[in-house]
Amino acid sequence: MTQGNMAGDVGGLASAITRQLDGGKLRKPAPVDCWEPDFCGDIDMEIKADGTWFYQGSPIGRAAMAQLFSTVLRKDEDGETYLVTPVEKLRIRVEDAPFIAVGMDIERNGDSRTLVIRTNMGDVVEAGPDHPLRFAVDDDDDGMRPYVLVRGRLEALFSRALTYDLMALGEEIDIDGRAMFAIRSGGMAFPVMEMAAMEKRL
């Protein structure tokens, strides 16, 4: 299934992957961290910043097909993202994060809360020690990009609408002697930025 001999359409690629994943029975994330196949080269596939998947320059219109590909994604220590099966490893391009966080529920237990986050590929994770939040702040245009770790090194970027919902949960928390604007979830406080910097943005 290398770039030179794979089927020229996305359906052919999906079928090739399906044949390697228990005849298509697997629809949850595959155990890609346990597989160490040979690197087979680059494939003309890209995940755009808005979560749209492209193959050979055209968007993948079928959500189920993109979801299939998402089950075999892995980001390695080299910072590159790959489609990984038991026998092949193909590098793809990712413009920002491979997933988009599109939904969020709040589970409360007494005074504590846990943010339950859903991605565009159907993953559901609880923000906390195993799935930390991360915030990228763009000083040039006051942009704010929150991420949550989904699995391995793969993250989900919060949609713009969900970012507003997340920021509405922020509060001032003292972290290591500094007043920080932070988000609490799963027994942890995830710092966004110093309160002084946050106040300048308001």
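Now for a look at the structure at hand. Values in this document were obtained by computation on a predicted structure and should not be read as measured data.

So, how was this worked out
- Residue positions within a chain follow its written sequence, with the count starting from 1.
- The predicted origin of the model limits local features to residues at a pLDDT of at least 70 and limits the giving and counting of side-chain atom pairs to 80 or more, whereas totals for whole chains, interfaces and linings rest on all residues.
- Derived side-chain values reflect all non-hydrogen atoms in the structure, with water molecules and hydrogen atoms excluded from consideration.
- To qualify as a helix, a DSSP run of H or I must reach at least 4 residues; to qualify as a strand, a run of E must reach at least 2; elements of each kind are numbered from the N terminus.
- Here the term buried applies to any residue with accessible area under 20% of the maximum for its type, exposed to any over 50%, and partly exposed to those in between, with areas from a 1.4 Å probe on protein chains only.
- Side-chain atoms alone can form a polar contact between residues adjacent in sequence; in general such a contact is a pair of N or O atoms within 3.5 Å, and within protein one must be able to donate a hydrogen while the other accepts it.
- Here a residue-residue contact requires only that any non-hydrogen atoms of the pair lie within 4.5 Å.
- Remark: nonpolar core denotes a set of buried residues (Ala, Val, Leu, Ile, Met, Phe, Trp, Tyr, Cys) joined through side-chain atoms within 4.5 Å.
- When DSSP finds two or more bridges between two strands, those strands count as paired.
- Axis angles are defined between N-to-C directions and span 0 to 180 degrees, where every axis is a line fitted to C-alpha atoms and, for a helix, only to the segment in contact.
- The arc in question is the one spanned by the directions pointing from the helix axis to the C-beta atoms.
- Only Phe, Tyr and Trp rings are paired, with Trp represented by its six-membered ring, and only when their centres lie within 6.5 Å; those with planes under 30 degrees apart are stacked, over 60 edge-to-face, the remainder tilted.
- In this analysis the charged atom, NZ for Lys or CZ for Arg, is taken to sit over a ring once it is within 6 Å of the ring centre and within 35 degrees of the ring normal.

## Quick look at the side chain of S185
Take S185: it is sitting in strand β14 (residues 178-185). Residue class for S185 comes out buried when judged on its relative accessible area of 1%. A polar side-chain atom of S185 sits 2.9 Å from the main-chain amide nitrogen of L115. Ignoring sequence-local partners within four residues, the contact set of S185 consists of R113, T114, L115, A127, G128 and F190.

## Examining the nonpolar core
The biggest cluster of nonpolar side chains holds 50 residues, and the ones touching the most others in it are M45, F69 and L133. In terms of residues, this core owes the most to one element, helix α2 (residues 63-70), which gives 4 residues. For L133, the residues in contact, after removing those within four places along its chain, are I117, A127, Y147, V148, F158, L166, I183 and F190. Core analysis: the next-biggest nonpolar cluster, separate from the first, contains 5 residues, A97, I100, Y147 and L157 among them.

## Examining the pairing of strand β6 (residues 89-94)
Pairing of strand β1 (residues 39-47) with β6, which is carried by 5 bridges, proceeds in the parallel orientation. Bridge pairing in β6 links D42 to R91. Here strand β5 (residues 81-84) runs beside β6; their pairing, made up of 4 bridges, is antiparallel. Its bridge partner lying in β6, L83 is registered against L90. Counting the residues between successive antiparallel strands, the hairpin from β5 to β6 contains 4 residues.

## Concerning the sheet that holds strand β7 (residues 99-109)
In space, the 6 strands of this open sheet follow the order β9-β8-β7-β12-β11-β10, with mixed pairing throughout. Of all the strands in the sheet, the pair left with one neighbour each is β9 (124-126) and β10 (133-138). The sheet shows a mean angle of 40° between the axes of neighbouring strands, direction not considered. Lying over the sheet, helix α3 (residues 160-167) contacts β7, β8 (112-119), β10, β11 (143-151) and β12 (154-158), oriented at roughly 25° with respect to β7.

## A word on the sheet that holds strand β3 (residues 58-59)
An order of β3-β2-β1-β6-β5-β4 is seen for the 6 strands of this open sheet, with the pairing classed as mixed. Because the sheet does not close on itself, it has two edges, and the strands there are β3 and β4 (73-75). Contacting β1, β2 (53-55), β4 and β5, α2 runs over the sheet at an angle of about 90° to β2.

## Thoughts on the pairing of β5
The alternating pattern of β5 places T81 and L83 and Y82 and V84 on opposite faces, both of which are buried. Connecting β4 to the antiparallel partner β5 that follows it, the hairpin turn spans 5 residues, and G79 within it adopts a positive phi of roughly 85°.

## As for α3
Helical geometry note: an α-helix holds 3.6 residues per turn, so side chains three or four residues apart project in the same direction. Within α3, burial applies to L162, T163, L166 and M167. For α3, the angular spread of buried residues about the axis comes to 135°, placing them on one side. When the buried face of α3 is taken as reference, the exposed residues oriented beyond 90 degrees from it are A161 and Y164.

## Details of the packing of aromatic side chains
Inspection of the entire model under this criterion finds 2 aromatic pairs. Taking 6.0 Å as the distance between ring centres and 85° as the angle between the ring planes, the aromatic pair formed by F39 and Y82 counts as edge-to-face. Of this pair, F39 sits in strand β1 while Y82 sits in strand β5, placing them 43 residues apart in sequence. Under the relative-accessibility criterion, Y82 is labelled buried at 3%. Aromatic side chains W53 and F69 sit 6.3 Å apart centroid to centroid with 25° between the ring planes, which places their arrangement in the stacked category. Residue W53 is located in strand β2, and its partner F69 is located in helix α2; the two are separated by 16 residues in the primary sequence. For W53, a relative accessible area of 2% puts it in the buried group. The ring of F54 has K48 sitting right over it, with the charged end atom 5.7 Å from the ring centre. Cation over ring: K89 sits above Y82, and NZ or CZ is 4.4 Å from the ring centre.

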